[in-house]
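# Tertiary structure, described
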Amino acid sequence: MRGNRGEWSEVYVLFKLLSDQQLFLGNENIEKLENVVYPILKVLRAESQGTVEYSVQDEIVVVSENQEVLRIPIITFQEKALLLLNAIKSSKERTFAIPEVEAFMQLINCFSLKASSSVKTDITIVVHDQRTNQQPTLGFSIK
């Protein structure tokens with residue numbers, strides 16, 4: 001599997017969100033607002049076989065076709081996110097492969113580097129809004 005920095009970044013964001021387990025808001029200058037944070041309940045990713053759900057509990061629970069596939073310790077996502085970030089930063093090629101990450105992606109039912117071009121959002125996140133006690137589903141485009 002080969003991709004450019006932008007494509008690999010979509011996978012990095014998935015790993016990083018699951019490892020951090022929280023979503024910070026930002027201001028108009030793209031600066032993180034430290035006092036406004038949403039706990040992440042799950043991350044949804046559209047794959048060719050259907051939507052894969054990554055539920056944040058004591059560990060990450062991977063659900064595909066409404067069936068639990070596996071459970072993975074959160075520390076594993078932290079390690080893979082760091083490995084992927086370093087590979088993205090250090091690559092000198094326009095497109096490149098990261099076999100260590102690709103094997104992990106296959107394990108967690110993440111089969112593509114990027115979302116379909118027909119979809120407006122690259123990643124969908126369900127958070128808990130502690131102020132309203134709601135669980136909104138938020139879509140994001142990764143740039």
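Residues numbered from 1 in each chain as written. Predicted model: local features only at pLDDT ≥ 70, side-chain atom pairs only at ≥ 80, totals over all residues. Heavy atoms only, no water.

So, about the pattern of salt bridges. Summed over the entire model, instances satisfying the criterion amount to eight salt bridges. The closest approach of N and O atoms between Lys42 and Glu53, which form a salt bridge, is 3.6 Å. Of this pair, Lys42 sits in strand E2 (residues 32–47) while Glu53 sits in strand E3 (residues 50–56), placing them eleven residues apart in sequence. We classify Lys42 as partly exposed; its relative accessible area is 26%. Between Arg71 and Glu68 there is a salt bridge whose closest N-O contact spans 2.9 Å. A relative accessible area of 44% places Glu68 in the partly exposed class. If you follow the salt bridges from partner to partner, you end up with Glu59, Glu68 and Arg71 in one network. (Salt bridge = Lys/Arg side-chain N within 4 Å of Asp/Glu carboxyl O. Helix = DSSP H or I, 4+ residues; strand = E, 2+ residues; numbered from the N terminus. Buried < 20%, exposed > 50% of the residue type's maximum accessible area, 1.4 Å probe, protein only.)

The terminal C-alpha atoms of helix H1 (residues 5–20) lie 21 Å apart, and with 16 residues this matches the ideal 22 Å at 1.5 Å per residue to within 8%. Within H1, burial applies to Glu7, Trp8, Glu10, Val11, Tyr12, Leu14, Phe15, Leu17, Leu18 and Ser19. Among the residues trailing H1, Gln21 stands out with phi positive, at a value near 60°. (Expected span 1.5 Å × (residues − 1).)

On to the nonpolar core. Counting residues in each nonpolar core, the largest one holds 36 residues, and the members touching the most others are Trp8, Leu14, Phe15, Tyr54, Leu84 and Ile108. Secondary structure elements with two or more residues in this core: H1, E2, E3, strand E4 (60–64), strand E5 (67–72), helix H2 (74–90), helix H3 (99–107) and strand E6 (123–127). Take this core: its biggest share by element is seven residues, from H1. Among residues more than four places away in sequence, those in contact with Tyr54 are Leu14, Leu18, Leu41, Lys42, Val43, Arg45, Ile60, Val61, Val62, Ile108, Asn109 and Cys110. (Core = buried A, V, L, I, M, F, W, Y, C linked by side-chain atoms within 4.5 Å. Contact = heavy atoms within 4.5 Å.)

Per-residue pLDDT for the protein has a mean of 91; in total, 97% of the residues score no lower than 70. Looking across the protein, the model is least confident in strand E7 (residues 137–140), with a mean pLDDT of 89, and most confident in H2, with 97. (pLDDT = per-residue confidence, 0-100.)

Quick look at the environment of Phe111 now. Along the chain, the position of Phe111 falls in the loop between H3 and E6. Phe111 gets classed as partly exposed once you look at its relative accessible area, which sits at 31%. Setting aside anything within four residues of it in sequence, one finds Phe111 in contact with Met1, Glu47, Gln49 and Gln106.

With that settled, the discussion passes to the environment of Leu33. Residue placement: Leu33 occurs in strand E2. In this structure, Leu33 is in contact with Phe24, Leu25, Gly26 and Asn27, ignoring residues within four places of it in sequence.

The next thing to look at is the packing of aromatic side chains. Within this structure, the stated rule accounts for four aromatic pairs. Each ring, one from Phe77 and one from Phe104, has its centre 5.2 Å from the other, and the planes form 75°; the classification is edge-to-face. In this pair, Phe77 sits in helix H2 while Phe104 sits in helix H3, placing the two residues 27 residues apart along the sequence. Like Phe77, the residue Phe104 is buried in the burial classification. (Phe/Tyr/Trp six-rings, centres within 6.5 Å; stacked < 30°, edge-to-face > 60°.)

Another point: H3. Each α-helix turn comprises 3.6 residues. Residues three or four places apart therefore point the same way. Turning to H3, its buried residues are Val101, Phe104 and Met105. Across the axial projection of H3, the buried residues extend over an arc of 105°, all falling on one side. Set apart from the buried face of H3 by more than 90 degrees, the exposed residues are Pro99 and Ala103. Asn109 sits one or two residues past H3 and shows a positive phi near 65°. (Arc of directions from axis to C-beta.)

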